[in-house]
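Chain and residue survey
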Amino acid sequence: MVSAIHAQDVSLERGGRLILSGLSFSVRSGAALVLKGANGAGKTTLLRGIAGFLPLAGGAMEVEGGDGESEIGGQSHYVGHLSANKPAMSVFENLMFWCDLNGGESPRIEQALDAFDLSALAHIPASYLSAGQRRRLGLARVLVAERPIWLLDEPTTALDSSSQAAFIRVCNSHLAAGGLLIAATHMPLTFDTFQELQLGAGGPDT
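These numbers come from a predicted model, not from an experiment.

A few points about the sheet that holds strand 1 (residues 2-14)
Read across the sheet, three strands follow the order 2-1-4 without closing on themselves; strand pairing throughout is antiparallel. The sheet terminates laterally at strand 2 (17-28) and strand 4 (58-65), the two strands that pair on one side only. Neighbour-to-neighbour, the strand axes of the sheet open up by a mean angle of 10°, direction not taken into account. This element, helix 1 (residues 43-51), spans strand 1, strand 2 and strand 4 of the sheet and lies at about 120° to strand 1.

Next up, the structure:
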């Protein structure tokens, strides 16, 4: 099990422009780190750097515990701004795709459908879903395969109050089981155990 992520003097660039510089933080298992800041502050950039989608321009990022043979991204679920659903596939088929891709177990699909109130929509094509339903489907994939680290970018976008509450319950269960979560948000977002990291203002949205 992953016990912590540590960042030391991390710098990240996008498009040749320095977005973050000299950033250090630690987040331990059983806790969430909530990234706050205005558009352009570097929240998405930092999540993508943690996931390994962007190379570090400086500093170091390491995971304590977990699979020593795997980078942080290989031990993570990443859900970005876009939910990455396949429109022509049903809700169930989308979750089956992520289950197979990430080496999950099929019984977890039903659990994910229940947790995000999607069971009644299981055989509906994703293209027919509302914005909130599409977001719930995108988030539900974190439950179909075990990963100790969840990296979530604006996870509550388009969710109504009941769906936000369900999302928080899912996240708190993950943390209570020893998981770790890092989420970027413009909205108030609280978990049973969390800390906030405020990122400074920048230029265009990152």
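What follows continues from the structure just given.
So, the pattern of salt bridges
A full pass over the atoms with the stated rule returns two salt bridges. Between Arg-108 and Glu-146 there is a salt bridge, with the nearest N and O atoms lying 3.5 Å from each other. Of the two residues, Arg-108 sits in helix 3 (residues 107-115) while Glu-146 sits in the loop between helix 4 (131-140) and strand 6 (149-153), which places them 38 residues apart along the sequence. The exposed category is assigned to Glu-146, whose relative accessible area is 58%.

Re helix 5 (residues 161-176)
In this model helix 5 runs 22 Å from its N-terminal to its C-terminal C-alpha over 16 residues, within 8% of the 22 Å that 1.5 Å per residue would give. Taken as a whole, helix 5 has its buried residues at Ser-163, Ala-166, Phe-167, Ile-168, Val-170, Cys-171, Asn-172, His-174 and Leu-175. Following helix 5 by one or two positions, Gly-178 has its phi on the positive side, about 95°.

Rules behind the numbers
Residues numbered from 1 in each chain as written. Predicted model: local features only at pLDDT ≥ 70, side-chain atom pairs only at ≥ 80, totals over all residues. Heavy atoms only, no water. Pairing = 2+ DSSP bridges. Helix = DSSP H or I, 4+ residues; strand = E, 2+ residues; numbered from the N terminus. Axes fitted to C-alpha atoms, helices over the stretch in contact; angles between N-to-C directions. Contact = heavy atoms within 4.5 Å. Salt bridge = Lys/Arg side-chain N within 4 Å of Asp/Glu carboxyl O. Buried < 20%, exposed > 50% of the residue type's maximum accessible area, 1.4 Å probe, protein only. Expected span 1.5 Å × (residues − 1).

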